[in-house]
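Summary of the model geometry
Here's the letter readout for the chains.
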Amino acid sequence: RMMRARQWVLGVSGAALIMGGAAACGTQPASGKPTANTSGQTTLARVNGKTLTLSDWKLAVNATDLLQGVTMATTHSAKKQQVTQLASELAVEQYALKHKWVTNAKARQEAKQFVSQNVVTAFGGTQKAKTALKKKNLTMASLTQFMTQQMVLQAAFAHAVKNVKAPTAQAVKKYYDTHQSQFKTPAQDEMRMILVKKKSLAESLMKQLKNGASWKTLAQKYSQDPSSKGKGGEYGWVSTGPQSNFVPNFYKEMDKLK
């Protein structure tokens, strides 16, 4: 879901994630395997000497989930695409700040205002908002940090289009009518899995589940799948079909399940 900027438009008005423009800055993320920096945080990419870490990626995913009201895929291939886009956006942020299209202080001020006026209001108050954020492993501070980055991107976007003539209502409708697939949220299913090597063990686990055993306990004990084992077999909401980023034989069976 991070592949295109259009798909990253936030579910509340006032900000949008911007993809593209990194090439204009002459910057590309470093290639190679993830490494651990001196703080012990995994580094996923470097852009002009600034690191993009595992926690940065998790923050972007969790905040986007919260603001869009959907759950993004976090499979290996999806993560790779997301990190690539985040690296591009980091380059845009650096370029915008360097050319003083916006300052960090102004972006943070706008981010605080956005969180207060949009997020807190949408959830019905500060305490309810904090509860909703906690479910996504977020805090008011981390969401404000994320939104500060978005305000820098918004400033870059505004600068890029300042001389672009606004389209007419008719042009907007025509674009929508001919590109409706870009505005549709892909179908999703909530999925969990216990992966084992032997059919006999799978059948034994199914029998235990039918008799009331804990899915989470069995998954943590028996599942061979590294992506969900630590989560008790839970994947959360994943897109159906090829957009799930699973192999065809897997998602075709997954989509048949109720």
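Residues numbered from 1 in each chain as written. Predicted model: local features only at pLDDT ≥ 70, side-chain atom pairs only at ≥ 80, totals over all residues. Heavy atoms only, no water.

What follows covers the overall build of the chain. The helix and strand inventory of the chain stands at eleven helices and five strands. Every one of the 258 residues in the chain was classed for burial, and the buried ones make up 36%. (Helix = DSSP H or I, 4+ residues; strand = E, 2+ residues; numbered from the N terminus. Buried < 20%, exposed > 50% of the residue type's maximum accessible area, 1.4 Å probe, protein only.)

Where strand 2 (residues 42–47) lies against strand 3 (residues 50–53), four bridges are found, and the strand directions are antiparallel. Within strand 3, the residue paired with A45 across the bridge is L52. In this structure, the hairpin formed by strand 2 and strand 3 is closed by a connection of two residues, where N48 is found at a positive phi of approximately 50°. (Pairing = 2+ DSSP bridges.)

With that settled, consider the packing of helix 2 (residues 54–68) against helix 3 (residues 76–98). Close contact between helix 2 and helix 3 brings their axes to 11 Å; oriented N to C, the two are set at 100°. In terms of orientation, helix 2 lies roughly perpendicular with respect to helix 3. Residue-level contacts link L54, W57, A60 and V61 of helix 2 to K79, Q82, V83 and L86 of helix 3. For the contact of helix 2 with helix 3, a count of residues per class yields six nonpolar, one polar and one charged. (Axes fitted to C-alpha atoms, helices over the stretch in contact; angles between N-to-C directions. Parallel < 35°, antiparallel > 145°, perpendicular 65-115°, else oblique. Contact = heavy atoms within 4.5 Å. Nonpolar A, V, L, I, M, F, W, Y, C, P; charged D, E, K, R; others polar.)

A separate point is the environment of T53. Along the chain, the position of T53 falls in strand 3. The exposure class of T53 is buried, given its relative accessible area of 8%.

Below, the discussion takes up helix 5 (residues 126–135). Because an α-helix packs 3.6 residues into every turn, residues spaced three or four apart end up facing the same way. For helix 5, the full list of buried residues reads A129, A132 and L133. With its buried residues spanning 100° around the axis, helix 5 presents them on a single face. Along helix 5, exposed side chains directed more than 90 degrees from the buried face belong to Q127, K128, K134 and K135. Those residues of helix 5 hidden inside the fold are in contact with helix 2, helix 4 (104–123) and helix 6 (140–160). (Arc of directions from axis to C-beta.)

Before going further, it helps to spend a moment on the pattern of salt bridges. Enumeration over the complete set of coordinates arrives at five salt bridges. With a shortest N-O distance of 3.2 Å, E253 and K256 are connected by a salt bridge. Given the relative accessible area of 56%, K256 is considered exposed. (Salt bridge = Lys/Arg side-chain N within 4 Å of Asp/Glu carboxyl O.)

This brings us to the nonpolar core. Across soluble globular proteins, nonpolar side chains show a tendency to be buried alongside one another. If you look at the biggest cluster of nonpolar residues, it comprises 39 residues, and the most contacted ones within it are W57, V119, L143, F146 and M147. Of all the secondary structure elements, the ones that give two or more residues to this core are strand 2, helix 2, helix 3, helix 4, helix 5 and helix 6. Among the nonpolar cores identified, the runner-up in size contains seven residues, and M191, M193, Y235 and V238 belong to it. (Core = buried A, V, L, I, M, F, W, Y, C linked by side-chain atoms within 4.5 Å.)

This brings us to the packing of aromatic side chains. Scanning the entire structure with this criterion turns up three aromatic pairs. Where Y95 meets W101, the ring centres are 5.5 Å apart and the plane angle is 70°; that geometry is what we call edge-to-face. Judged by its relative accessible area of 29%, Y95 falls in the partly exposed class. Judged by its relative accessible area of 29%, W101 is partly exposed. (Phe/Tyr/Trp six-rings, centres within 6.5 Å; stacked < 30°, edge-to-face > 60°.)

Turning to the layout of surface pockets, a few remarks are in order. Of the voids in this model, the largest pocket is the one considered here, and its volume is about 620 Å³. Considering the residues around the largest pocket, the lining is formed by 14 residues, among which M191, R192, M193, M254 and L257 are closest to the centre. Only strand 4 (188–192) and helix 11 (248–254) provide two or more residues apiece to the lining of the largest pocket. With four residues, strand 4 is the single largest residue contributor to the lining of the largest pocket. Residues that form the lining of the largest pocket fall into these classes: eight nonpolar, no polar and six charged. (1 Å grid on protein atoms, 1.4 Å probe; cavity = no way out; pocket = protein on both sides within 12 Å on 5 of 7 lines; lining within 4 Å. Points joined across faces, edges and corners; volume = space filled by probe spheres on them.)

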